[in-house]
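If you want the building blocks of each chain, they are given just below.
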Amino acid sequence: MAAASGSCASMEEFLNQCQQSGDAAYSALRLLLDRLEDPSTRTEARIFLSELHKRFESKEASDRCLQTYHFQIQDIFLEQYEGFQKRKKLTMMVIPSIFMPEDWSFTFYEGLNRHPDSIFKDKTVAELGCGNGWISIAIAEKWSPSKVYGLDINPRAIKISWINLYLNALDEKGQPIYDGEKKTLLDRVEFYESDLLSYCRDNQIELERIVGCIPQILNPNPDAMSKLITENASEEFLHSLSNYCALQGFVEDQFGLGLIARAVEEGISVLKSMGIMIFNMGGRPGQAVCKRLFERRGLRLNKLWQTKVLQAADTDISALVEIEKNSPHRFEFFMGLVGDQPICARTAWAYAKAGGRISHALSVFSCQLRQPNQVKSIFEFLRNGFDDISSSLDLYFEDDSVADEKIPFLAYLANVLKELSFFPYEPPAGSRRFRSLISRFMRTYHHVPVTADNVVVFPSRTVAIESALRLLSPRLAIVDEQLSRHLPRQWLTSLNIEKTESGKDFEEVITVIEAPRQSDLLVELIKKLEPEVVVTGMAQFESVTSSSFEHLLDVTREIGCRLFLDVSDHFELSSLPSSNGVFKYLAGNALPSHAAIVCGLLKNQVYSDLEVAFVISEEAAMFKSLCKTVELLQGNTSIISQYYYGCLFHELLAFQLADRHPPAQRNGAKKKASEANGFSNPTITVLDNAELAVNESEESPLVHMDVDQSFLPITTPVKASIFESFARQNITEPETDVTHGIRQLISNSYGFPSAANAEVIYADCAVALFSKLVLCCVQEGGTLCFPTGSNGNYSSAAKFLNAKIAIIPTNQEVGYKLTEKTLTASLETIKKPWVYISGPTVNPTGLIYSNDEINELLSVCAKFGARVILDTSFSGVEFNSKGSESWNVGPTLEKLSSADSGFCVSLLGGLFSKMLTGGINFGFLLIYQASLLETFHSFEGLSKPHSTIKYTVKKLLDLREQKKEDLLSAISEQTEIVGSRYKQLKQTLETCGWEVLEAQAGVSILAKPTAYLGKTMKVNNQEIKLIDSSIREAMLKSTGLCINSPSWTGIPGYCRFTMALEDGEFKRALHCISKFKKLVELN
């Protein structure tokens, strides 16, 4: 094209080129844009456009121009407003390959006009699917935003939008048109080629307003959408981008709304906290579907405008007909503009084919994030490899209080899963952060100056009460009738102080008397019966003042009785908690040493059965004993449950200024009238001798190679399953029913029969199930038989529960495994044996029982009528087991089932090793003998996994059964990590003088400090002689490395080291082992 000027020759040359084809016309317009962008030719080019417009000013001429020259210049009249220049129209150019303004975009602009004038003033705005740019320019003309970014995936649309910008930013003489702020449209508007908001994301542009008028019908030819989008593509393809969209991978794809869904989620990522998004929504899928698209993503919705528009004649709705054919959903169309009865897509398609005109509702929705920062965190997490679970997300809540609880937690969980590669070690007493939050809440809201070291966390209130009673082992306890429901049936008997029929001394029997929840009646019972422990709540009317609590303290103090007061019903997770007499008393008085506070947290709006409990005691001995008790009997409390309630506490504390008032002076505890009931001597002995977790300070964290927990990176499938379990709403019972998956796991892994009469019982962890089995053994008068070289925590738990224990000797030649010979020799002398077998992987040695070996052992057990606890909890990580055969115990058990009525096998397991689930604990127990099942259920109070945990487990089991590559490869990768760790640890230990037992599987190995035994070293000015009983202490004090000593492993001389540590911690552990060697050599 010759120079764009007003000459007729130049005009004719331009039109001749445009007449050749649409592509030729676009090329001519591109050259014109080049001249508009050049300041030296801009004025002439704009004058040329004015003359071009005048030539085709009438409607007829304009339409003829489009047909002949493949472009059109038309005026868009905006009669309802006057801009700064009092213009009532915009002059816009269009070409066939881009979206032309029609009812769809005009209705959208009408919706924008419903907002107050301040909506766009001085704001940063993006328009998605800007087409020829008229809405972006109109927004800038009317509302003076600081910047408008017009975005479109069609490169030709962007070029034409720039031409239109110059067309309206300059007058007919090519001079700038300034607004009241001395700016032109060129200062306020820019256009860029962009797939939705990719330009803004790539350039880190934060937006305050996002508007969009984008396609909402799937292309009937999906292959067409896979073509490369360039400005040289065909006109038909480029124009189709305005009418159709491709599948986006969202659940809304089924309604043709996938592109809108992606736009909303991208918008959340670049939108400022108080930003607003406005979208044009075709009503074809139905209003409810359109609304849900926004609401489930945490957006508050406001319908600005709704009307009906005729379905564009050039848009094929056959894709919607296909959706209806394959789903129960029905789209909504109308016959003409006046029809008020909706018709489905199939009927609409047929009616249109016959020449009828169809219409659909068109709405303009404005939406704003209800909790911006939290919702942004959630979607940021989902974008990092978790897009697959976005369809499960539902952030819509009718009740704002529910939203205020759940959305912050999901944001917190998202941040935890994003930032933490593993769940860190937490002490059995509960997460230090969680305990600190509880104590801060007590100080801030109730002025009770307790600390984290006064708080012990339990899985539930029932578990807390039962654990306290087992710890104290009282002859007689009075328990509130509302709190005794889940205590063991054996305790809920009439008073019996004499020697029991089973031959137990009375000290070993706990008799529980139920009491009414009324202080005067309770006090009368206490005075008459003189119990050793009282567990009670308080009636509502008595909880308002402290007098009833003080009376209970005085009465129990007088007779030397322990008091556990339950305040669950009166503890409010609120920023305005109601008056509480107990806390009023504790604000001014220290909690007496004989008393403790129990509180069950079941006070949330979202998960009605998600429970955590805590006990407050200001007596150091009671605090330490409760910590050890929960570790022995429960392992620990679900970390996710602690995260949930920790988030609630944090929300109530986050806005508070810290330490505004000095702590009030408290009165000291009253002098004891009688010594309170202490711990029984056997209990103290067990707790003192049990090798449990080391309490560590935040200043000097320890390296834990002494706990059965994986600190390896949490795999992506596990993270996804955890988040999805909390993000979902209205989870159905079948979605949390893990029984089929567990039975399949047991059958496939061990060939273990899962007959219909067998019951699978679930708990938060395998430790809790083991504890109940020990109680069954005690109840039946059995003897629990541990092989030499067993889990030290399990043997300590059995002793704590007063089980009769026998040790079956094993020897080094067979790797400290049971053999047919040693088992037979031991069982010949034991009545009612209960045999504990860890397998296929032996914990802690890391060896594997072969299929033949386990079947031989089971045959021996059957011969003596033994009950077998087959513990598979530590199996599943086989890193050095080539050639070993998988278990198939089914045929053997079927043959032995009739051998003796006493023989039965209970299979104990978990997903810790099998799936390497990180911090998600889940235990299961399969029992198929009716009498044992009845005994087991008589010990109530089992802490069962919450529905979210069961959902997570079911999801993982389903992925495993479906052999999903991402899960299987993640498990394989982590198994390889453990194998590599084993080699590194073995080499380091041997280099440093340790004698290492060969291991094949598991996450721990045993080693004997041969080079150190008998030597002396000085630690903190204290001389320590290195023998079996001191090696752990010496290692801990000198290096900060926690290991298990020979007293834990049960094998003289051999300590245990676990390997499933985070990479940095593992390197630190290896350094500690080397450091220990140097320290010993220095002495």
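Residues numbered from 1 in each chain as written. Predicted model: local features only at pLDDT ≥ 70, side-chain atom pairs only at ≥ 80, totals over all residues. Heavy atoms only, no water.

> What exactly am I supposed to notice about the sheet that holds strand S17 (residues 612-616) here?
Sheet strands pair via backbone hydrogen bonds, and the direction of the pair is either parallel or antiparallel. Strands sit in the order S11-S17-S16-S15-S14-S12-S13 across an open sheet of seven strands; the sheet is mixed. In this open sheet, the two edge strands, each paired with only one partner strand, are strand S11 (455-458) and strand S13 (511-515). The mean inter-strand angle of the sheet, taken between neighbouring strand axes irrespective of direction, is 20°. Pairing geometry for strand S16 (residues 595-601) and S17, over five bridges, is antiparallel. Residue Cys599 lies in a different strand from S17, and its bridge partner there is Phe614. In the packing of helix H24 (residues 639-653) onto the sheet, contacts are made with S11, S16 and S17, and the angle to S17 comes to roughly 70°. (Pairing = 2+ DSSP bridges. Helix = DSSP H or I, 4+ residues; strand = E, 2+ residues; numbered from the N terminus. Axes fitted to C-alpha atoms, helices over the stretch in contact; angles between N-to-C directions. Contact = heavy atoms within 4.5 Å.)

> Could you clarify how one ought to interpret the confidence of the model for the chain in this entry?
Atomic detail in the predicted coordinates should be set aside for any region of low pLDDT. This prediction gives the chain a mean pLDDT of 87; 91% of its residues lie at or above 70. Taken as a whole, residues 1-7 scores under 50 in pLDDT and shows 18 contacts with residues more than four places along the chain or in a different chain. This model gives residues 498-507 a pLDDT under 50, and the stretch forms nine contacts once residues within four places in sequence are excluded. (pLDDT = per-residue confidence, 0-100.)

> Can you help me understand the sheet that holds strand S26 (residues 995-996) in this one?
With antiparallel pairing, the three strands of this open sheet are ordered in space as S26-S27-S31. This sheet does not close on itself; its edge strands, each paired only once, are S26 and strand S31 (1055-1058). Across two bridges, the pairing between S26 and strand S27 (residues 1004-1008) is antiparallel. Of the residues in S27, the one forming a bridge with Glu995 is Lys1008. Against the sheet, helix H35 (residues 965-991) touches S26, S27 and S31, its axis set at about 10° to S27.

> Honestly, the packing of helix H30 (residues 820-827) against helix H31 (residues 851-863) in this entry has me stumped. Any pointers?
For any two helices packed against each other, one specifies the crossing angle of their axes together with the interaxial distance. Axis separation between H30 and H31 bottoms out at 9 Å; the angle between their running directions is 15°. Classified by the angle between their axes, H30 and H31 sit roughly parallel to one another. Note on packing geometry: the crossing formed by H30 with H31 is right-handed. Counting all contacts with H30, which are made through Glu820, Leu823, Thr824 and Leu827, the residues of H31 involved are Glu856, Leu857, Val860 and Cys861. (Parallel < 35°, antiparallel > 145°, perpendicular 65-115°, else oblique. Left-handed = near helix turned anticlockwise from the far one by under 90°.)

> Just checking my understanding: could you explain the packing of aromatic side chains for this structure?
Both the distance between ring centres and the angle between the ring planes are used here to describe each pair of aromatic rings. Going through the model one piece at a time under the given rule, you end up with 46 aromatic pairs. Centroid distance Phe120 to Trp143: 5.0 Å. Interplanar angle 50°. Geometry classified as tilted. With a gap of 23 residues between them, Phe120 in the loop between helix H5 (103-113) and strand S3 (124-128) and Trp143 in helix H6 (residues 134-143) connect regions that are remote in the sequence. We classify Phe120 as buried; its relative accessible area is 0%. With 5.7 Å between their ring centres and 85° between their planes, Tyr412 and Tyr643 make a pair best called edge-to-face. Of the two residues, Tyr412 is situated in helix H16 (residues 400-419) and Tyr643 in helix H24; the sequence distance between them amounts to 231 residues. What links up through ring pairs into an aromatic cluster is the set Phe434, Phe441, Tyr445, Phe571, Phe583, Phe614 and Phe649. (Phe/Tyr/Trp six-rings, centres within 6.5 Å; stacked < 30°, edge-to-face > 60°. Buried < 20%, exposed > 50% of the residue type's maximum accessible area, 1.4 Å probe, protein only.)

> Whenever I open this one, helix H11 (residues 258-270) confuses me. Can you help?
Along an α-helix, a turn takes 3.6 residues, which lines up residues three or four apart on a common side. For H11, with 13 residues, the first-to-last C-alpha span of 19 Å sits near the 18 Å given by 1.5 Å per residue. The element H11 is extensively covered by neighbouring structure, given that twelve of its 13 residues are classed as buried. Listed in full, the buried residues belonging to H11 are Gly258, Leu259, Ile260, Ala261, Arg262, Ala263, Val264, Glu265, Glu266, Gly267, Ile268 and Val270. (Expected span 1.5 Å × (residues − 1).)

> It is not clear to me how helix H26 (residues 716-727) should be interpreted in this structure. Could you clarify?
In a regular helix each residue adds 1.5 Å, so twelve residues correspond to 16 Å; H26 covers 16 Å between its end C-alpha atoms and thus fits that length. Turning to H26, its buried residues number three or more, namely Pro717, Val718, Lys719, Ala720, Ser721, Ile722, Phe723, Glu724, Ser725, Phe726 and Ala727. Packing partners of the buried residues in H26 comprise helix H15 (372-383), H16, H24, helix H34 (947-961) and H35.

> Would you mind showing me how to read the pairing of S17 here?
Each regular strand carries side chains that alternate between the two faces of the sheet. With five of its five residues buried, S17 lies for the most part within the structure. Burial along S17 is two-sided: the face carrying Val612, Phe614 and Ile616 and the face carrying Ala613 and Val615 are both buried. Across four bridges, S11 lies against S17 in antiparallel orientation. Note on S17: the bridge partner recorded for Val456 is Val615.

> Any chance you could explain the environment of Gln19 here in plain terms?
Tracing the backbone shows Gln19 in helix H1 (residues 8-20). In this structure Gln19 touches Thr68, Tyr69 and His70, once residues within four positions along its chain are discounted.

> Before we go on, may I ask you to explain the state of the cysteines in this structure?
As used in these notes, a disulfide is a covalent bond between sulfur atoms, one from each of two cysteines. Considering all chains together, one arrives at zero disulfides under this definition. Cysteine Cys904 is unpaired, with the sulfur of Cys776 as its nearest cysteine sulfur at 9.9 Å. By relative accessible area, which is 2% here, Cys904 ends up buried. (Disulfide = S-S within 2.5 Å.)

> Just checking my understanding: could you explain the pattern of salt bridges for this structure?
A side chain with one charge can pair with a side chain of the opposite charge if their charged atoms come near. Throughout the structure, instances matching the rule amount to 42 salt bridges. The residue Arg262 makes a salt bridge to Glu266 at a minimum N-O spacing of 2.8 Å. Here the residue Arg262 and the residue Glu266 both occupy positions in helix H11, the gap between them amounting to four residues, near one helical turn. Exposure remark for Arg262: the relative accessible area of 17% places this residue in the buried category. When the shortest N-O distance is used, the salt bridge between Lys986 and Glu998 registers 3.3 Å. Here Lys986 is found in helix H35, whereas its partner Glu998 is found in the loop between S26 and S27, with twelve residues between them in sequence. Exposure remark for Glu998: the relative accessible area of 47% places this residue in the partly exposed category. A single salt-bridge network, built from bridges that share partners, covers Lys121, Asp179, Glu181 and Arg188. (Salt bridge = Lys/Arg side-chain N within 4 Å of Asp/Glu carboxyl O.)

> What is the right way to read the nonpolar core from this model?
As a rule of thumb, nonpolar side chains are buried together in soluble globular proteins. The biggest cluster of nonpolar side chains holds 175 residues, and the ones touching the most others in it are Phe294, Phe549, Phe571 and Phe723. Top element by residues in this core is H16. It accounts for eleven residues. When near neighbours in sequence (up to four residues on either side) are disregarded, Phe294 contacts Ile260, Val264, Phe279, Met281, Leu299, Leu301, Phe365 and Cys367. Leu469, Met622, Phe800 and Leu932 belong to the second largest nonpolar core, which has 70 residues in total. (Core = buried A, V, L, I, M, F, W, Y, C linked by side-chain atoms within 4.5 Å.)

> Just checking my understanding: could you explain the packing of helix H2 (residues 22-37) against helix H3 (residues 42-55) for this structure?
Contact geometry of H2 with H3 gives a least axis separation of 7 Å together with a crossing angle of 135°. With respect to H3, the element H2 is oriented oblique. For the element pair H2 and H3, the recorded crossing hand is left-handed. Contacts between H2 and H3 involve Leu32, Arg35, Leu36 and Glu37 from the first element and Arg42, Glu44, Ala45, Arg46, Phe48 and Leu49 from the second.

> Please clarify how a negative patch on the surface should be interpreted in this entry.
A cluster of like negative charges, contributed by Glu102, Asp103, Glu110 and Asp314, occupies part of the molecular surface. Relative to the elements of secondary structure, Asp314 occurs in the loop between strand S8 (299-310) and helix H13 (318-326). The partly exposed category is assigned to Asp314, whose relative accessible area is 44%. (Patch = residues over 30% accessible without salt bridge, like charges linked within 9 Å, V, L, I, M, F, W, Y side chains within 5 Å. Areas by Shrake-Rupley, 256 points an atom, 1.4 Å probe, with all protein chains shown as cover. Lys, Arg positive; Asp, Glu negative; His and termini not counted. Charge placed at Lys NZ, Arg CZ, Asp CG, Glu CD.)

> Quick question: what am I supposed to make of the pairing of S3 here?
With five of its five residues buried, S3 lies for the most part within the structure. Where burial is concerned, the two faces of S3 agree: the one with Thr124, Ala126 and Leu128 and the one with Val125 and Glu127 are both buried. Alignment of S3 against strand S4 (residues 147-152), held across five bridges, turns out to be parallel. Looking across to S4, one finds that Glu127 is bridged to Gly150.

> Which parts of the structure should I look at to understand the environment of Glu141?
One can find Glu141 in helix H6. For the pair formed by Glu141 and Glu572, sequence separation is 431 residues and the distance between their alpha carbons is 54 Å.

> Even after reading the chapter, I still don't get the environment of Ile407, so can you show me in this structure?
For Ile407, the position within the fold is in helix H16. Residue Ile407 is classed as buried on the basis of its relative accessible area, which comes to 0%. Setting aside anything within four residues of it in sequence, one finds Ile407 in contact with Arg370, Gln371, Gln374, Val375, Ile378, Leu395 and Phe397.

> Would you take a moment to explain unusual backbone geometry for this structure?
Backbone geometry follows two general trends: most residues other than glycine have a negative phi, and most peptide bonds adopt the trans configuration. Of note, the amide linkage connecting Gly839 to Pro840 takes the cis form, showing an omega dihedral of -5°. Here Pro840 is to be found in the loop between strand S22 (833-838) and H31. The step from Asn843 to Pro844 runs through a cis peptide bond, and the omega angle for that step is 20°. Despite not being glycine, Asp122 shows a phi value in the positive range, around 60°.

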